[in-house]
Amino acid sequence: MTQLESARKGVLAPEIVKAAAREKAEAGLLLRETAAGRAVVPANVNHKNLFPAAIGGAFTCKINVNLGTSDGRSGLKEELHKLDLAARLGADAVMDLSTGGDLPKIRKEIIAASPMPVGTVPVYEALKRAGGVRGISRQLLLEVIEEHAEAGVDFMTIHAGLLKEHLPLVKGRTTGIVSRGGAAMARWMAANDAENPFYDQFDAICEIFRKHDVTFSLGDGLRPGSLADAGDAAQFAELEKLGELVKRSRAAGVQVMVEGPGHMPLDQVELNMKKAGKVCHGAPFYVLGPLVTDVAAGYDHINAAIGGALAAWHGASFLCYVTPKEHLGLPELEDVRQGIIASKIAAHAADIARGRHGAAERDREMSRARYAFDWERQFSLALDPDRARRYHQGDVRKKYCGMCGPKFCSMRASRKLGKTVKARHTKAAA
Ligand code: SF4
């Protein structure tokens, strides 16, 4: 029985209890949200060391970290370091997007090392095995999906919403198709003059997912890759199809979330989140950014955090991190750190605005610690304690820092002022 099926029966599975406890939410709330499909708890029965997370609008906003090997550029050791960093910095999920080396072995090691839910994009492995798009067969796609499910992958990106009829809509776009999986499926359909095999075989994929309790992350193969393409006919035609697939997944007893854009101007973010919520029947929305400008090369983690905060405030439940290397190169460990923290800031800012448990209180505590010059407390409350400590560079007993110095420290002056006023009042009262 999948998490969705057991939630519909009102059974409190251990995964639901743990995921709710993790963020001090009521297990009953998560049970109801999961049953309704507004939340998912990706938890493959074969992922033994998993600490499950609740992804849905009623819970804290979650963040995902992409990692993965690449031929000649990054091996398993480097990617396991990224995984370790992601866990230490409080990421909620990772996606193994490996394309280099022994993929089944790499996947196995990543799953074994990850207490976070692990996601994959099976078409990448199919492409590698087939030696290119033309070599991909329908059977190969099912085989790869089944292998990932058996290995313990908790959620998979499946680009099933991009259909043959959508391809003419891409003509005239500024940046065409920017999703790797989407581009592969488009080329496959054009080469074979046939319908998307993920769509054609959706029922068979549902069966595999149901058996191992894998969650769908329905890929947005036609997501806009530039502001100029945001909100175009291609993006919304695919979204309609994703809404249909949400219903089919749920009918098959399989949990489902939907992936979203991409690049879009700030003023379109709210509308997009509301539209996605409606068209996709309230399924949790997993956004890749969104990037709100096309010119932030080298700083796209900040770009994504701006879009991500707004998206989460308006309904997105899950943010895929973006690193400063986006559009430029393969991220290294420091890029991963910066991407994670930027996403955490976005998710936390949205959690405050949405009144999620403990979010605003953490900020209040930080402010109290600042006013008390309690530096150790400040470091521990910071999203990146190591950097906060490193940047402070001073004596933690001092009641000021290097930014303004003792003579110009306004908080120090304000505290003295408070003491003086209090002493005057006491004297006057006496
Ligand atoms: S010196 Fe300036 S930045 Fe540092 S604690 Fe005082 S007011 Fe804050």
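Procedures and definitions
Residues numbered from 1 in each chain as written. Predicted model: local features only at pLDDT ≥ 70, side-chain atom pairs only at ≥ 80, totals over all residues. Heavy atoms only, no water. Helix = DSSP H or I, 4+ residues; strand = E, 2+ residues; numbered from the N terminus. Rg over C-alpha atoms; globule rule 2.2 N^0.38 Å. Buried < 20%, exposed > 50% of the residue type's maximum accessible area, 1.4 Å probe, protein only. Contact = heavy atoms within 4.5 Å. Areas by Shrake-Rupley, 256 points an atom, 1.4 Å probe, with all protein chains shown as cover. Lys, Arg positive; Asp, Glu negative; His and termini not counted. Charge placed at Lys NZ, Arg CZ, Asp CG, Glu CD. Expected span 1.5 Å × (residues − 1). Arc of directions from axis to C-beta. Near = heavy atom within 4 Å. 1 Å grid on protein atoms, 1.4 Å probe; cavity = no way out; pocket = protein on both sides within 12 Å on 5 of 7 lines; lining within 4 Å. Sits in = over half its atoms within 2 Å of the grid points. Core = buried A, V, L, I, M, F, W, Y, C linked by side-chain atoms within 4.5 Å. Phe/Tyr/Trp six-rings, centres within 6.5 Å; stacked < 30°, edge-to-face > 60°. Lys NZ or Arg CZ within 6 Å of the ring centre and 35° of its normal.

The next thing to look at is the overall build of the chain. Secondary structure summary: the chain contains 19 helices and 10 strands in total. Against the compact-globule benchmark of 22 Å for 430 residues, the chain has a radius of gyration of 23 Å, which places it among compact chains. Counting only C-alpha atoms and orienting by the principal axes, one finds that the chain spans roughly 90 × 50 × 40 Å. Within the chain, the proportion of its 430 residues that are buried is 53%. At a minimum sequence separation of 6, the contacts of the chain that also span at least 24 residues come to 72%. As displayed, the chain offers around 18,900 Å² of accessible surface, 55% of which is attributable to carbon and sulfur atoms. Each charge sign in the chain was given a centre, from 59 positive and 50 negative side chains, and these centres are 9 Å apart.

The next thing to look at is helix 15 (residues 359–371). Taking 1.5 Å per residue as the helical rise, helix 15 with its 13 residues ought to reach 18 Å, and the 19 Å between its terminal C-alpha atoms agrees with that figure. Along helix 15, the positions that sit buried rather than exposed are Ala359, Met366 and Ala369. Down the axis of helix 15, the buried side of the element spans an arc of 85°, and every buried residue falls inside it. Positive phi appears at Phe373, one or two residues downstream of helix 15, with a value of about 55°.

The environment of the ligand is made up of Phe373, Cys401, Met403, Cys404, Gly405, Cys409, Ser410 and Met411. Under a 2 Å grid-point criterion requiring more than half of the atoms, the pocket assigned to the ligand is the second largest pocket.

A separate point is the nonpolar core. Formed by 98 residues in total, the largest nonpolar core has its most connected members in Val123, Ile158, Phe198, Phe209, Phe216 and Leu218. Of the residues forming this core, the biggest block, seven residues, is contributed by helix 14 (residues 333–353). Once residues lying within four places of it in the same chain are set aside, the contact partners of Phe216 are Met156, Ile158, Phe202, Ile205, Cys206, Phe209, Ser249, Val254, Gln255, Val256 and Met257.

Next up on the list: the packing of aromatic side chains. Tallying each qualifying case throughout the model produces five aromatic pairs. For the ring pair Phe155 and Phe318, a centre distance of 6.1 Å and an interplane angle of 70° mean the geometry is edge-to-face. Taken together, the positions of Phe155 in strand 6 (residues 155–158) and Phe318 in strand 10 (residues 318–320) put the pair 163 residues apart, joining distant regions of the chain. The interplanar angle of 25° and the centroid separation of 4.2 Å between the aromatic rings of Tyr286 and Phe318 together place this pair among those described as stacked. With a gap of 32 residues between them, Tyr286 in strand 9 (residues 285–288) and Phe318 in strand 10 connect regions that are remote in the sequence. The class for Tyr286 is buried, based on a relative accessible area of 0%. One residue, Arg248, lies across the ring of Tyr199, its end atom 5.7 Å from the ring centre.

Just distances and angles here, no functional claims.
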